[in-house]
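Examining the three-dimensional arrangement
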Amino acid sequence: MPESLSSHPPRPALFLDRDGVLNEDHGYVYRWEDFRWIPGAREVVAAFNRAGWLVIVVTNQSGVGRGFYSEDAVNALHARMAEDLASSGAHIDAFYYAPHHPDAPVEAYRHPDPPLRKPNPGMILQALQDWPIDRDASLLIGDKPSDLEAALRAGIKGVLFEGGDLRQFLADEALLPQ
Ligand SMILES: [Mg+2]
């Protein structure tokens with residue numbers, strides 16, 4: 001944990017899956033040109049920022065392990081997302097991604113059961129170590145059962161988003177912060 005954060009009181013964290021929650025998931029998105037925000041997603045990030053929550057992305061990126069694109073490409077895309085959010089007055093506090101896959105042709109990315117890869121909870125557990133997070137007050141939004149399983153195994157409440165407008169969805173579920 002960064003020294004400057006260690007003395008801060010715990011805050012709730014909004015954990016967000018990326019593909020299918022923040023951006024449209026049309027399979028292995030890694031170029032900004034192909035990136036389309038989910039309606040309402042930027043507004044949700046801004047709303048949780050304003051309410052004092054940490055906002056943390058936890059995303060499986062087996063496209064790296066499969067050799068479709070590099071970690072540099074993932075990081076570059078996340079930098080573009082951050083830039084674009086900044087222009088909406090919003091920010092993501094941290095991006096965690098899992099590049100591994102059991103069948104990765106690249107040995108460095110091959111693991112029979114990658115601890116970081118959802119449904120394993122490794123990325124969330126890492127974030128819980130890195131940031132002063134109030135686990136019981138936190139929330140994960142995912143679009144797949146594997147997201148919710150990872151949340152459950154990390155002791156975080158998870159909700160399934162099945163598409164549409166993310167802000168409206170959270171408003172309907174009474175999950176938007178005041
Ligand atoms: Mg997803």
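Our structure is the block above this text.
Residues numbered from 1 in each chain as written. Predicted model: local features only at pLDDT ≥ 70, side-chain atom pairs only at ≥ 80, totals over all residues. Heavy atoms only, no water.

Looking at the secondary structure, you find asparagine 23 in the loop between β1 (13–16) and α2 (41–50). Apart from residues no more than four positions distant in its own chain, asparagine 23 is found in contact with Arg18, Val29, Phe35, Arg36, Trp37 and Ile38. (Helix = DSSP H or I, 4+ residues; strand = E, 2+ residues; numbered from the N terminus. Contact = heavy atoms within 4.5 Å.)

With that settled, the discussion passes to helix α6 (residues 145–154). If you check which residues of α6 are buried, you get Asp147, Ala150, Ala151 and Ala154. For α6, the angular spread of buried residues about the axis comes to 100 degrees, placing them on one side. Exposed and facing more than 90 degrees away from the buried side of α6 are Pro145 and Leu152. Considering only its buried residues, α6 is in contact with α5 (122–130), β4 (139–142) and β5 (157–160). Downstream of α6 by one or two residues, glycine 155 has phi in the positive range, about 75 degrees. (Buried < 20%, exposed > 50% of the residue type's maximum accessible area, 1.4 Å probe, protein only. Arc of directions from axis to C-beta.)

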